[in-house]
Amino acid sequence: MPKIVYPAVRRDENHVDMLHGVSVADPYRHLEDPDAEETKAFVEAQNQIFQGFIKSNSELRGKLEQRLTAMFNYERFGVPFKKGDHYYYFHNSGLQPQSVLYTQKSVDSEASVFFDPNKLSADGTVSLGTYKFSETGKLFAYALSASGSDWVKIHIKQVGSDKDLEEKPLEWAKFTSIDFTHDEKGFFYNRYAAPSVTQDKAGTETDSSINQMVYYHRIGTPQEEDILIYKDAAKATLMFNVSVSDCGRYLFLNISESCDPKNLVYYADLLKQFGGNSCLGVPEFTPIVKNWEAQYSWIANEGPVVYFETTLNAPKKRIIKYNLEQPELGFTEVVPETENPLDFNNVVDKNKLVLVHLKDVKHVMTIYDLFTGTFLREIEMPSGSIIKGMSGNRKDAEMFYSYGSFISPGVIRRFDFKANQDSLFRETAVKGYDPSIFEVKQVFYPSEDGTKIPMYIIHKKGLNLNGDNPTLLYGYGGFNISILPSFSVSWLTFAEKFNAVIAVANIRGGGEYGQAWYDQGRLAKKQNCFTDFQYAAKYLFGANYTRPAKVAINGGSNGGLLVGACLNQAPELFGLGVAEVGVMDLLRFHKFTIGAAWTSDYGNPDVKEDFGISYKFSPLHNVPKEGPYPAVLIITGDHDDRVVPLHSMKFAATLQHNLGSVIDNPILMRINTKAGHGAGKSMQQIIEEASDKYTYISIVLGATYTD
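Chemist: Describe in detail the sheet that holds strand E19 (residues 286–289), supporting the description with residues and values.
Modeler: One open sheet holds the four strands; their spatial order is E16-E17-E18-E19, and the pairing between them is antiparallel. Lying at the two open borders of the sheet, with one neighbouring strand each, are strand E16 (238–244) and E19. Recorded for the sheet is a direction-independent mean angle of 25° between the axes of neighbouring strands. In terms of strand pairing, E16 meets strand E17 (residues 250–257) through seven bridges, oriented antiparallel. Bridge pairing links asparagine 241 to asparagine 254 in E17.

Chemist: So, the pattern of salt bridges: which residues are in play, and what are the values?
Modeler: One pass over the structure, following the stated rule, counts 38 salt bridges. Note that arginine 11 and glutamate 13 form a salt bridge whose closest N and O atoms lie 2.8 Å from each other. Look at arginine 11 and you get partly exposed, because its relative accessible area is 26%. A salt bridge links arginine 642 to aspartate 150, with the shortest nitrogen-to-oxygen separation between them at 2.7 Å.

Chemist: Go over the environment of tyrosine 513 with me, naming the residues and quoting the values.
Modeler: With respect to the secondary-structure elements, tyrosine 513 resides in the loop between strand E35 (501–505) and helix H5 (515–519). In sequence terms tyrosine 513 and alanine 565 are 52 residues apart; their C-alpha atoms lie 24 Å from each other. Here tyrosine 513 is in contact with Lys316, Pro341, Asp360, Phe444 and Pro454, once residues within four sequence places are set aside. At 2.7 Å, the side chain of tyrosine 513 forms a polar contact with the side chain of aspartate 360.

Conventions we followed
- Residues numbered from 1 in each chain as written.
- Predicted model: local features only at pLDDT ≥ 70, side-chain atom pairs only at ≥ 80, totals over all residues.
- Heavy atoms only, no water.
- Pairing = 2+ DSSP bridges.
- Helix = DSSP H or I, 4+ residues; strand = E, 2+ residues; numbered from the N terminus.
- Axes fitted to C-alpha atoms, helices over the stretch in contact; angles between N-to-C directions.
- Salt bridge = Lys/Arg side-chain N within 4 Å of Asp/Glu carboxyl O.
- Buried < 20%, exposed > 50% of the residue type's maximum accessible area, 1.4 Å probe, protein only.
- Contact = heavy atoms within 4.5 Å.
- Polar contact = N/O pair within 3.5 Å; in protein donor to acceptor, adjacent residues only side chain to side chain.

Structure follows, in structure tokens:
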């Protein structure tokens, strides 16, 4: 590969912060301003260098894009769900930019388009985010995001009409739920004060997202007249979620502080205060949970008896109930904690409680009686499958669910509770794809401290274990999020066409084994994540799958931090690091957009003890000045207002400055335009980015494309 000349970027050597008695240089602080001409020039120059590198291998990229386009071009169906008298489901014919919402009178009747996001923009970058139907299914509230931003505008329409009920949507909503009062006069939602930019630049700002508020919007009235339901000016970083009970009488308010899985719960009696299932003023809330002791998620209610999923005295979660009219009784257990963590739940057919547990990173689905906690049955699925979606409500005696795996694109089944029958509803097929050529195995490798870490390995059958196979090692390890088997066209194309190995390490910090697994990978124990990931690579070497020069590590968001930290700590283990939308500045992350919520995992840099921990692994602050060092690809989006692009830009500039002249491996950056943290990308954006990414990976790893 030819030596790359990197663009000159101004360094302010005099910009030094004194943090807890430590001098911390930040010479690229000016790149934090997305509107500065220097920043714009930096973005343009980085994209030019990257595209020049890719275009020099245009034949390979052309083959990849052609194959990826063919593989992505398959019909995708979402799980059907019922609202009012109609069924709905999402559908994509293959290469449509965004999936389309269809409606039908029955599951076997002819369907028609209900909502098509593709008509909202010429390039497919306006996407449907949160949405909600009213109780009778007559109203539809929907939130639209532009260019992948977390900001959304909320619209409202009458089902059956093509036009919105209101001329102007609700603005500056973010991280919002939508829930109608049962009188269908309005709905609850979350918003913030307007940031420092206009609507046309929403998503490019870096303002801290604080002081979230809950409002009630009465349909037909201007947003300025919305009722402020709840805020807490004393605690600016709190976030809220509101839910209307099954009967419509109660309003539940969840209050969270950071991403730590602990919350408070309050409720308001709308009938008692307003004389019906209405919101005519500010509700009066009564606490159910007033201490930060555990996580509580409202499930359902039967009159005054309310059911929750919780970690209270159950780190792997259990089901409890609480009587609003007899609060002195406290919480009563309904379904106890098991050895496997509870992943999610649903209640259908009045009292059928469907619980989905994780057993060694595979789903197990069981059904209980909600009222008595009695076990009713288990629903069997193919080994290694993961529930991808589920629908059903307490009014109907049917449930739809879909499952898939690393090599299965998905199966949708229908469970009829009246007949106690489980039947095939729809199966997804990908033209030109043969799952039988692949092999999937799960191993449990030891980390440095002896903890067994699960890892999935996917490759073509008959792979020669010669220690020389190109390998993509993927990880996340944070925020109690489990990385589950999923059907990835990009991964399978890489495995098939380059005879590559895909390895997915379920390192600590995730939720694969409950609260304890999460706790072992955050705050003072965050280093466990990086160590676990490095030992995953060592396992692959020992099992003769590959060698360091043939390994690309990959992760996004918190996984981007994982890649950056591991590149700095153990550069000898990898040939390439691909860090996507990563958190790279662990000393300033809390100052931008929603970053303050991440102190649950990274600690608070304003606290000396937390600073001392995160400073040791912050990717931006630990870049070496001499090799060896792997090749790097940094990917971000210009509208990423979750992990703002400045993280990636400062890290790229530092890498190129420190190492650009001392190593031969390329250090490149791809900045997506009209794209955010990941959600809402059009199919065309997905294919273009994957084509570029895997072209780069294959070049660096010396992987050969096979026709």
